[in-house]
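Remarks on the overall topology
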Amino acid sequence: RTDFEPRTRRLRRLKPRLGAMQSLMQSMEHASAEQRTEMLERLEEMQLKDTLRMFNGLVERCFSECVTGFRSKALTAPEEKCVTTCANKYLKHSGRVGQRFGELSAQQNEAAAQQG
């Protein structure tokens, strides 16, 4: 398995959410002030859910990979180093996925503008 495969899978998982967010943003153009407020609240809720999903994934992955002993309340030095490294990698990866996601969104918007 290459490093590219998980990123590709994650992008595929995120595409439907991108579509939902884009649809919401496009419908805001012709909405009343009250509808815009409601749509912005919905968008914020979607963003919060994505943030929580990312954080939960980070905790689950790094805990599973790094924590091996349960004899103490505190992490051992190697466990702590592993968790720090894992979290940094996970956040960098998530940032890259988000960046790529933005690029795909821009390409889709550009293609839609050229068609319309």
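Here the structure is shown first, and the text comes after it.
Residues numbered from 1 in each chain as written. Predicted model: local features only at pLDDT ≥ 70, side-chain atom pairs only at ≥ 80, totals over all residues. Heavy atoms only, no water.

Its place among the elements puts E79 in helix α3 (residues 77–115). In this structure, the C-alpha to C-alpha distance between E79 and C62, residues 17 residues apart in sequence, is 9.7 Å. (Helix = DSSP H or I, 4+ residues; strand = E, 2+ residues; numbered from the N terminus.)

Once that is clear, we can look at the nonpolar core. As a rule of thumb, nonpolar side chains are buried together in soluble globular proteins. L58, C62, C66, C86, A87 and Y90 together form the largest nonpolar core, which totals 6 residues. Among the secondary structure elements, those contributing two or more residues to this core are α2 (33–66) and α3. Beyond its immediate sequence surroundings of up to four residues, C66 is in contact with E79, C82, V83 and C86. (Core = buried A, V, L, I, M, F, W, Y, C linked by side-chain atoms within 4.5 Å. Buried < 20%, exposed > 50% of the residue type's maximum accessible area, 1.4 Å probe, protein only. Contact = heavy atoms within 4.5 Å.)

This next bit is on the pattern of salt bridges. Applying the stated rule across the entire model yields 5 salt bridges. Ionic pairing is found between R53 and D50, a salt bridge with its closest N-O pair at 2.8 Å. Highlighted residues: R53 and D50, both in helix α2, separated by 3 residues, approximately one helical turn. Residues joined by salt bridges that share partners form a network here, namely R96, R100 and E103. (Salt bridge = Lys/Arg side-chain N within 4 Å of Asp/Glu carboxyl O.)

Further remarks concern the packing of α2 against α3. At a closest axis distance of 9 Å, the pairing of α2 and α3 adopts a crossing angle of 145°. Where α2 crosses over α3, the handedness of that crossing is right-handed. The segment α2 lies against α3, with M54, G57, L58, R61, C62, E65 and C66 engaging E79, C82, V83, C86, A87, Y90, L91 and S94. Tallied by class, the residues present in the contact of α2 with α3 amount to 10 nonpolar, 2 polar and 3 charged. (Axes fitted to C-alpha atoms, helices over the stretch in contact; angles between N-to-C directions. Left-handed = near helix turned anticlockwise from the far one by under 90°. Nonpolar A, V, L, I, M, F, W, Y, C, P; charged D, E, K, R; others polar.)

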